[in-house]
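Given next are the chains, with one letter for each unit.
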Amino acid sequence: MISSFTPLHVRSAYSLLRGTTLPEELLDIAAQGQYGALALTDTNNLYAAPTFYQAAEARGLRPILGAELRQGEQRLLALVRSQTGYENLCQLITRLQYEEDRPLTAMAARFGEGLHLVADDAATARQVRAGGAAPESIWLALESVMQKRATDGGDFPLLATGRVLMGSKTDRDLARLMAAMRLGTVYERVSAAEVPPGAACLQPRAYYEARYADYPDALANNRAVASECGDFHFLPREAVFPGYECPRGLSALRFLQQLCDEGLRRRYGLQAPTGAKRRLERELSLIARMGFVEYFLVVWDIVQYARRRRAPVAGRGSGASSLVAYLLEITNVCPLHYELPFERFLHEEREDFPDLDIDFCWRIRDEVIDYAFRRWGNENVAMVSMHCTFQQRAAVRETLKAFGFSNEQISELGDGAPRNDPRLAQIQQLAARLVGLPHTLSVHPGGIVIGRQPIDRYVPIQPAPKGVGITQYDKRGIESIGLVKIDLLGNRNLSTVRAACALIEQRRGQHVDIERLPVDDPATVARLQAGDTIGCNQLESPAMRQLLTMVRPRHTHDVMQVMALIRPGAASIGMKEVFIRRHRGLDHPPKGHPKVDAILAESNGIMVYQDDVMRVAAAMLNTTLVEGDHFRRSVEKCRDDAKREELSRLFLTRAAANGIDLEFAKHMWVQMAKYNSYSFCRAHAASYGLLSYGGVWLKSHYPLEFWTASLNNNQSMYPLRVYIEEAKRMGIRFLLPEINGSEEDFTIEGNAIRLGLRLVQGLGETGIATILRARRGGAFTSVRDFLARTRLSIAATKALILCGAFDTLAANRPSLIMALNLCAGERPRATGPQDELFAVEPQLHGGFSRDFPPQRKYIDEWRVLGLSVRQHILALFRGQFTDRVDLDSRHLRDWVGRDVTLVGMLETRQAAYTRQNDEMMFATFSDEHGLFEVNIFPELCRRLHGSLSFYGPYLITGRVGTKYDTYSIDATAVSLARSPDAAIFRESA
């Protein structure tokens, strides 16, 4: 029984753009105010319910769940008193999101069981009662009665709720800002009625007890309601696994066993290894005991749908540690071959629920999700939400808008506050207070949940902007209430592999099974060792290409290790350097402990994966892998020095008791403590490593098909022009767009790749669709025919002419421009600025007999396409820099240790920070012969501030350095080359 007053109507920052204070801060204030309990009642949502509940219990307060239900001017407070009440509140909130025409009071009456319903006025209370709600659950808010100076609530009992709309009185300015943002007005025009009064902040307990002293019944009712609602145990909850209807009346376990038996034969042949059978029995037994059988069947069902569509699938994350997942073709990595411990994925003592993350071809990912909704019913499936919070940039922009600044003014300010505005201090202060507060919900990239009953029995559902239903809880909230998330993610590399294999089969009649490639193919290994991996997902960043060259992978196991080593954990303690030296035979791993040496033999005595922490801990502490995983998680959760020191003492003491040398144990502890949080699990590295290896294999053996597929599924690590140049260096020939030959995307034409219409600036999806639709009636024969059948604008048609798309229809481009001008003169007056933009072509370069010169064509094509199918841009202008440069990118290895000057075009750059928090830059430049890396250290970086914003060309001066067969330039000067002919390319950055 709660013996003192409890605030029952409390709004947090999760009442989006209404509340000002995070739930944890409200709880801290409540604890200081001597409260024993606190309610959270946000507006039409339970967004923060799991977080609030756990935070309250951690502070020793009893959490009470509820919501402030609003529909227009009508408002009801709903407080959860039981499990039935929680489920009804979830359904009620869901219907408020979807059934806007149905009265709030009618919905509240229908779903009122298990809830206390508090009205602001007697009329609303009577409507709820008339709808069938139990009279004993209906209350009248004392605050409303006091505000109206009434003496009682008519025939309804009064309930003191202590309406709390913000944490403290100092939040009123922030509340006013939020009101301006919510109402689309400016800060100065927000009416006083929209800003909570100062008394609406969370006051000490004594304040309310004094305020309501004249209403003892309302105070007694507060204690009774708070006691009942505080007895509802929301968390923890049992797991909610989706149901699966098995064929032929089989039980779920029996059906799963049958599928796994079939998988054994498919994966291993008629004589499956004994180890596989033992592992399968162990996994199935644990999966059954923990209730995951139907979960595996649901994921298998979804994956089979994609495979029927001949779409590749790649299970990733720790789920790839499961043999069952491998046999069901959910994953493509044999856990026996790659020594993936099942305990990293699932064991009986695991406190959270593991989930299976599945990558699909990005082009069918939405279709796969739609299949899940159809298969299990819209009412039983929802996508998981993400709670988006204000970041610094958005906070400043939104505050400036609320103070009357236009988008143009904000852009001119560069997202900073105006220095000469008298409101500067207030704007900065309010923007800073917005940072970290929630402002909207978005959709998780692919997380879905499936319930055994309608999903809004577990969590409120609301529509996302695109219409799909999303949970009001985010990923962590979903996990806390027992729903098991399934991640159905889009992966462009899978799309590249799928498209390349389809093209190979279509053009050559050869079937490529990307899941059964030789693990040490010589051509693939050579390309990996050279770092020649542009276009290959996960392996194409500058840092990754350099690391590949340093490590010189020999097979897929090495690729896995490189993918794990690129994570920041290894570099932070110098282990990446140690690994490279040992891998190249320059150093040798010291002997430590026989069991540990065996575990880390493949990785040269270094922990590369998260699993290594689990396995090494189990060996050094002489315990099971399950306890080793607990230890790994404990290390991962250490967020302060005190806890880390306590755990280190425990580890070192137990290791010493097991006969481990203390210095060796300390060395291992350093790796565990610094590396674990920033590394991949072994199964994830295997999944992505094999997939990426497959991309390199395709690039090595089928470059034409690979590049066509890769360009159509661009990863955007680099601008598209970088991929085009890389393909050209491999001997791939490209053809300009052609109105009678180009599709939307890149296509193979003979032994060349034809550029797609989507590259033509100004066409857009509508323009492309119009051209393709009109072309079904036959090939275009002239500019006049094209305009008559497509009705495209003059500007769009001119862009097509200038990039070469009409070259097959006339002798030269000036003739086409003249034809276009004649057609433009015949048209009615232009209806838009684009039609007028290119209405006149002033020069025809000597009439119709002469074409535009090559340099003019090059520039025109670049302007329209953003790239060139001809030579690299620097080949066009190289002669202008002959006396200013020493070498090109091919010869860096010959100039190690010397100062040089090169010319290059800026392709990508990445900021980094030194230990002193000084900014530096890693930049990638290109010339005709390839890419080269430039390191720009803090002093030069400060001088260049803002200068590296153009494409180029740049003159780069610096010293050539080398490290394990990689070469880069430590820049001392970087400047734009002042070449008038190249000015257009400065604009193209």
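Right above here is the structure, for reference.
No experiment lies behind these values; they were computed from the predicted model shown. (Residues numbered from 1 in each chain as written. Predicted model: local features only at pLDDT ≥ 70, side-chain atom pairs only at ≥ 80, totals over all residues. Heavy atoms only, no water.)

Asker: What is the right way to look at the overall build of the protein chain in this model?
Answerer: Each helix and strand in the protein chain was counted, giving 41 helices and 21 strands. Its C-alpha atoms give the protein chain a radius of gyration of 33 Å, within 12% of the compact-globule value 30 Å for 989 residues. Each principal axis of the C-alpha distribution contributes one length, and for the protein chain these read about 100 × 85 × 65 Å. Across the 989 residues of the protein chain, 56% fall into the buried class. When contacts within the protein chain are restricted to residue pairs at least 6 apart in sequence, long-range pairs at least 24 apart make up 69% of them. Carbon and sulfur atoms provide 48% of the accessible area of the protein chain, an area that totals close to 41,900 Å². (Helix = DSSP H or I, 4+ residues; strand = E, 2+ residues; numbered from the N terminus. Rg over C-alpha atoms; globule rule 2.2 N^0.38 Å. Buried < 20%, exposed > 50% of the residue type's maximum accessible area, 1.4 Å probe, protein only. Contact = heavy atoms within 4.5 Å. Areas by Shrake-Rupley, 256 points an atom, 1.4 Å probe, with all protein chains shown as cover.)

Asker: Help me understand the packing of helix α20 (residues 522-529) against helix α30 (residues 682-701), please; the structure alone is not making it clear to me.
Answerer: To characterise two packed helices, one gives the angle between the axes of the helices and the distance between these axes. Where α20 meets α30, the closest approach of the two axes is 9 Å, and the angle between their N-to-C directions is 105°. One way to sum up the angle between α20 and α30 is to call them roughly perpendicular. Between α20 and α30, the residues in contact are Ala523, Thr524, Arg527 and Leu528 and Tyr693, Val696, Trp697, Lys699, Ser700 and His701, respectively. Class assignment for the residues of the contact of α20 with α30 results in 5 nonpolar, 3 polar and 2 charged. (Axes fitted to C-alpha atoms, helices over the stretch in contact; angles between N-to-C directions. Parallel < 35°, antiparallel > 145°, perpendicular 65-115°, else oblique. Nonpolar A, V, L, I, M, F, W, Y, C, P; charged D, E, K, R; others polar.)

Asker: Hey, could you run me through the sheet that holds strand β2 (residues 62-71) in this one?
Answerer: The strands that make up a sheet pair up through hydrogen bonds in the backbone, lying either parallel or antiparallel. Within the open sheet, the 6 strands sit side by side as β1-β2-β3-β4-β5-β6. Their pairing is mixed. With one partner strand each, in any of the chains shown, β1 (37-43) and β6 (158-159) form the two edges of the open sheet. Here 6 bridges tie β2 to strand β3 (residues 74-80), and the two strands are oriented antiparallel to one another. Within β3, the position partnered with Glu68 by the bridge is Leu77. Across the face of the sheet, helix α2 (residues 49-58) comes into contact with β1 and β2 while running at roughly 150° to β2. (Pairing = 2+ DSSP bridges.)

Asker: Any chance you could explain the nonpolar core here in plain terms?
Answerer: Looking at soluble globular proteins, one finds that nonpolar side chains tend to be buried together. By size, the foremost hydrophobic cluster in this structure holds 130 residues, and its most contacted members are Leu69, Phe234, Leu256, Phe296 and Ile330. Among the elements that take part in this core, helix α12 (residues 293-308) stands out by supplying 11 residues, more than any other. Once residues within four sequence positions are removed from consideration, Leu256 is found in contact with Leu284, Ile287, Val293, Phe296, Leu297, Val324 and Leu328. Formed by 95 residues, the second largest nonpolar core is a distinct cluster that contains Met550, Leu711, Leu736 and Leu755. (Core = buried A, V, L, I, M, F, W, Y, C linked by side-chain atoms within 4.5 Å.)

Asker: Teacher, can you tell me more about the pairing of strand β9 (residues 381-389) here?
Answerer: Every regular strand shows the same layout, with side chains that alternate between the two sheet faces. By the bridge criterion, 8 bridges tie β9 to strand β10 (residues 438-450) in an arrangement that is antiparallel. If you follow Met386 over to β10, its bridge partner there is Ser442.

Asker: Help me understand the pairing of β2, please; the structure alone is not making it clear to me.
Answerer: Burial of β2 is extensive: 7 of the 10 residues sit out of reach of the surface. Two elements, β1 and β2, share 7 bridges in a ladder whose sense is parallel. Bridging from a neighbouring strand, Leu40 pairs with Leu65 of β2. Hairpin connection, β2 to β3: the antiparallel pair is bridged by 2 residues, and Gly72 has positive phi, about 65°.

Asker: Got a minute to help me understand the packing of aromatic side chains in this structure?
Answerer: Summed over the entire model, instances satisfying the criterion amount to 31 aromatic pairs. For the ring pair Phe232 and Phe234, a centre distance of 6.4 Å and an interplane angle of 35° mean the geometry is tilted. The exposure class of Phe234 is buried, given its relative accessible area of 0%. Site record: aromatic cluster; members linked through ring pairs are Phe241, Phe292, Tyr295, Phe296, Phe342 and Phe345. Just above the ring of Tyr187 sits the side chain of Arg176; from NZ or CZ to the centre is 4.5 Å. (Phe/Tyr/Trp six-rings, centres within 6.5 Å; stacked < 30°, edge-to-face > 60°. Lys NZ or Arg CZ within 6 Å of the ring centre and 35° of its normal.)

Asker: Please explain the environment of Ala160 as it appears in this structure.
Answerer: Here Ala160 lies in the loop between β6 and α7 (172-183). Sequence separation of Ala160 and Leu142 is 18 residues, and the distance between their C-alpha atoms is 5.0 Å. Apart from the residues lying within four places of it in its own chain, the contact partners of Ala160 are Phe5, Leu8, Leu142, Glu143, Tyr212, Ala218, Leu219 and Asn222.

Asker: Help me understand the sheet that holds β9, please; the structure alone is not making it clear to me.
Answerer: Across the sheet, 7 strands lie side by side as β7-β8-β13-β10-β9-β12-β11; this open sheet has mixed pairing. Where the open sheet ends on each side, the last strands, each with one partner, are β7 (313-316) and β11 (461-463). Adjacent strand axes in the sheet meet at a mean angle of 45° when their direction is disregarded.

Asker: What is the right way to read the environment of Glu379 from this model?
Answerer: In this structure, Glu379 sits in the loop between α14 (365-376) and β9. Put simply, Glu379 and Ile450 are 71 residues apart on the chain and 9.2 Å apart in space, counted from C-alpha to C-alpha. If sequence neighbours within four positions are ignored, Glu379 has contacts with Pro454 and Ile455.

Asker: I'm lost on the environment of Gln391 in this one. Help?
Answerer: Relative to the helices and strands, Gln391 is located in the loop between β9 and α15 (392-402). Take Gln391: its relative accessible area is 49%, and that puts it in the partly exposed class.

Asker: I would appreciate a short explanation of the side chain of Arg316 in the present structure.
Answerer: Relative to the elements of secondary structure, Arg316 occurs in strand β7. Residue Arg316 is classed as buried on the basis of its relative accessible area, which comes to 18%. A distance of 3.3 Å separates a polar atom in the side chain of Arg316 from a polar atom in the side chain of Tyr688. With residues near it in sequence (within four places) discarded, Arg316 still touches Asp357, Asp359, Leu489, His684, Ser687 and Tyr688. (Polar contact = N/O pair within 3.5 Å; in protein donor to acceptor, adjacent residues only side chain to side chain.)

Asker: Whenever I open this one, the packing of helix α35 (residues 794-802) against helix α36 (residues 813-826) confuses me. Can you help?
Answerer: For the pair α35 and α36, interaxial distance at closest approach is 10 Å and the crossing angle is 170°. Comparing the axis directions of α35 and α36 gives the class roughly antiparallel. On α36, the residues that touch Ile794, Thr797, Lys798, Ile801 and Leu802 of α35 are Arg813, Leu816, Ile817, Leu820 and Ala824. Among the residues forming the contact of α35 with α36, the class breakdown is 7 nonpolar, 1 polar and 2 charged.

Asker: I keep staring at helix α9 (residues 216-230) and nothing clicks. Help me out?
Answerer: For an α-helix, the turn length of 3.6 residues means that residues three or four places apart are oriented alike. Over its 15 residues, α9 runs 21 Å from end to end, which matches the ideal 21 Å to within 8%, given 1.5 Å per residue. Burial in α9 covers these residues: Ala218, Leu219, Asn221, Asn222, Val225, Ala226, Ser227, Cys229 and Gly230. (Expected span 1.5 Å × (residues − 1).)

Asker: Mind showing me how you'd approach the pattern of salt bridges here?
Answerer: Side chains carrying opposite charge are able to pair once their charged atoms draw close together. Following the criterion strictly, the structure yields 69 salt bridges and no others. With a shortest N-O distance of 3.6 Å, Arg267 and Glu515 are connected by a salt bridge. Taken as a pair, Arg267 in helix α10 (residues 252-268) and Glu515 in the loop between α19 (492-508) and α20 lie far apart in primary sequence, 248 residues in all. For Glu515, a relative accessible area of 27% gives the class partly exposed. Between Asp532 and Arg527 there is a salt bridge whose closest N-O contact spans 2.4 Å. Through salt bridges with shared partners, a single network forms among Arg11, Glu68, Arg70, Arg75, Asp120 and Arg163. (Salt bridge = Lys/Arg side-chain N within 4 Å of Asp/Glu carboxyl O.)

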